Amino acid sequence: MNRSAFSLTLALSLAAIPAFAAPKTYHRAPAQMGLPPQAAAALKKLSVPTPPASTPVSAKPRIVLETSKGPITLELNRAAAPLHVRSFVYLVRRGFYNGTRFHRFADLTGSGGNIIQGGDPLSKNAATRQFAGIGGPGYEVPLEISNLKHDAMTIAAARSSNPDSAGSQFYICQAPVHFLDNQYTVFGKVIAGQAAAKKLRQGDYIKTARVTK
């Protein structure tokens, strides 16, 4: 085989090898155009570094949310969504969720498929609360799909139309919302305080959040 033929054969062989995508990880959130100056300034101030890979996270971390409706205990699933779980634990340890309000209550199915959404740092301050729903920690978390479904009392990551744009916002399913399965990252569930979780409405808030396991 001459050199030209060998080079062509090698090139064709390499082209046949499937490209391996780089593993997804955290990335800084892009600047949001057209934000009111007040909201933009607040988000810049609230921005935090991305979670270090060395962040200690147990296999099934437990988080206690002390809410205005009572304590709610979450159990997260690291195997199902390692990036989301690490991020949530990291933000809890930083006190990021303390004082945040639940800014959205919605029936997504039209028949009681309610979710309650919170975690936006803009909801802490009365001056920026009107912008709740667009805020985050300054970084984004890529979509992680597993066999976890949007059953009642599961917790999942809110995001924009970009699948890899989750941040600090999350929602609790007060009833099954299965049409969201495989579109949003489910990363845990409520294991205690279910009655309190079902009572949460827009305007309720998280007094404190802490990691207990």
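Read on for a plain summary of the structure.

Rules of the game
Residues numbered from 1 in each chain as written. Predicted model: local features only at pLDDT ≥ 70, side-chain atom pairs only at ≥ 80, totals over all residues. Heavy atoms only, no water. Phe/Tyr/Trp six-rings, centres within 6.5 Å; stacked < 30°, edge-to-face > 60°. Helix = DSSP H or I, 4+ residues; strand = E, 2+ residues; numbered from the N terminus. Buried < 20%, exposed > 50% of the residue type's maximum accessible area, 1.4 Å probe, protein only. Lys NZ or Arg CZ within 6 Å of the ring centre and 35° of its normal. Pairing = 2+ DSSP bridges.

### Brief notes about the packing of aromatic side chains
Link 1 in the chain: Under the criterion given, the structure shown has 9 aromatic pairs.
Link 2 in the chain: Aromatic side chains Phe88 and Phe170 sit 5.5 Å apart centroid to centroid with 85 degrees between the ring planes, which places their arrangement in the edge-to-face category. Taken together, the residues span a long stretch of sequence, with Phe88 in helix α3 (residues 82–93) and Phe170 in strand β8 (residues 170–173) at a distance of 82 residues.
Link 3 in the chain: Aromatic pair Tyr97 and Phe170: ring centres 5.7 Å apart, planes at 80 degrees, arrangement edge-to-face. In this pair, Tyr97 sits in the loop between α3 and β4 (104–107) while Phe170 sits in strand β8, placing the two residues 73 residues apart along the sequence. A single burial state applies to Tyr97 and to Phe170, both of which are buried.
Link 4 in the chain: Ring pairs connect the aromatic residues Phe88, Phe96, Tyr97, Phe102, Phe170 and Phe187, which therefore count as one cluster.
Link 5 in the chain: For Arg159, the ring lying beneath its charged end belongs to Tyr184, and the centroid distance is 4.1 Å.

### Let's talk about the pairing of strand β9 (residues 186–192)
Link 1 in the chain: Bridge count for strand β3 (residues 70–76) against β9 is 4 bridges, and the pairing is antiparallel. If you follow Leu74 over to β9, its bridge partner there is Val190.
Link 2 in the chain: When strand β7 (residues 154–157) meets β9, the two strands line up antiparallel, connected through 3 bridges. Along β9, the bridge assignment pairs Ile155 with Gly188.

### A short note on the pairing of β4
Link 1 in the chain: Looking at chain direction, β4 and strand β5 (residues 114–118) are connected through 4 bridges and run antiparallel. Bridging from a neighbouring strand, Asp107 pairs with Asn114 of β5.
Link 2 in the chain: The antiparallel hairpin formed by β4 and β5 contains 6 residues in its connecting segment, where Gly110 sits at a positive phi of about 80 degrees.

In short, shape yes, function no, at least from these values alone.
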